[in-house]
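Examining the three-dimensional arrangement
Here is how the chains run, residue by residue.
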Amino acid sequence: MYEPIRDKSVHSTMAGTTSDFPHRSREEELDIQLAGHLAALLAVTDELRALAPADSDDLDTAADRLAGQVARLRGGQAPVRVPVTAARPEPHLAALHRRAHTLAGRALVVAASRADTAVAILTAERMDAHAAALEPRELASH
């Protein structure tokens, strides 16, 4: 009833073949994702350092620790840093703290999934710091 297939199939399976493009493991993908979240948090932290000189000691330490973790995850490649310059302080400051809190939360989720305790502790500390920075502003606005 049916004629047998005579030609080689145009469809192939992945078994036993090598591909022309590199594949990354799940751990490598998580490292890339985590480094991206931490680099974004570092950029916001650098911007906050420019806006809030009163908190600069805490933010300087946090920025250095974040930069160290990004470099570690990227195989020693240092992240691009935002230069600290004077800028306008208010309403932008609260928005930056909210953004930093969100980014730290995203990084915490990825750090927990890859069991990176050092980054998990760092991001949890940053979430607490940004939440504390927002409390007086949030209470004053209600």
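**Considerations on the packing of helix 1 (residues 26-51) against helix 2 (residues 56-73)**
It is at 9 Å that the axes of helix 1 and helix 2 come closest, and there the two elements cross at 155 degrees. Of the possible angle classes, the one that applies to helix 1 and helix 2 is roughly antiparallel. Here helix 1 runs over helix 2; the crossing is left-handed. Across from Asp31, Leu34, Ala35, Leu38, Ala39, Leu41, Leu42, Thr45, Asp46, Leu48 and Arg49 in helix 1, the residues of helix 2 making contact are Leu59, Asp60, Ala63, Leu66, Ala67, Gln69, Val70 and Leu73. Broken down by class, the residue content of the contact of helix 1 with helix 2 amounts to 13 nonpolar, 2 polar and 4 charged.

**Topic: the side chain of aspartate 116**
Relative to the elements of secondary structure, aspartate 116 occurs in the loop between helix 3 (92-113) and helix 4 (117-141). At a separation of 2.4 Å, a polar atom in the side chain of aspartate 116 contacts the side chain of arginine 114. Discounting chain neighbours no more than four positions away, the residues touching aspartate 116 are Leu34, Arg72, Leu73 and Ala111.

**Regarding the pattern of salt bridges**
Applying the stated criterion across every chain, the model contains 9 salt bridges. In this structure, arginine 49 and aspartate 46 form a salt bridge, with 2.6 Å as the shortest nitrogen-oxygen distance. Residue arginine 49 and its partner aspartate 46 are located together in helix 1, separated by 3 residues, close to a single helical turn. Sharing partners across several salt bridges, the network here consists of Asp31, Arg72, Arg114 and Asp116.

**Concerning helix 3**
Taking 1.5 Å as the rise per residue, helix 3 with 22 residues should run 32 Å; its terminal C-alpha atoms sit 32 Å apart, in good agreement. The set of residues buried in helix 3 consists of Leu93, Ala94, Leu96, His97, Ala100, Leu103, Ala104, Gly105, Ala107, Val110 and Ala111. Residue alanine 115 follows helix 3 closely and has a positive phi angle near 55 degrees.

**Things to note about the nonpolar core**
With 29 residues, the main nonpolar core has Leu34, Leu38, Leu41, Val44, Leu48 and Leu66 as its most contacted residues. In terms of residue count, the dominant contributor to this core is helix 1 (10 residues).

The rules we used
- Residues numbered from 1 in each chain as written.
- Predicted model: local features only at pLDDT ≥ 70, side-chain atom pairs only at ≥ 80, totals over all residues.
- Heavy atoms only, no water.
- Axes fitted to C-alpha atoms, helices over the stretch in contact; angles between N-to-C directions.
- Helix = DSSP H or I, 4+ residues; strand = E, 2+ residues; numbered from the N terminus.
- Parallel < 35°, antiparallel > 145°, perpendicular 65-115°, else oblique.
- Left-handed = near helix turned anticlockwise from the far one by under 90°.
- Contact = heavy atoms within 4.5 Å.
- Nonpolar A, V, L, I, M, F, W, Y, C, P; charged D, E, K, R; others polar.
- Polar contact = N/O pair within 3.5 Å; in protein donor to acceptor, adjacent residues only side chain to side chain.
- Salt bridge = Lys/Arg side-chain N within 4 Å of Asp/Glu carboxyl O.
- Expected span 1.5 Å × (residues − 1).
- Buried < 20%, exposed > 50% of the residue type's maximum accessible area, 1.4 Å probe, protein only.
- Core = buried A, V, L, I, M, F, W, Y, C linked by side-chain atoms within 4.5 Å.

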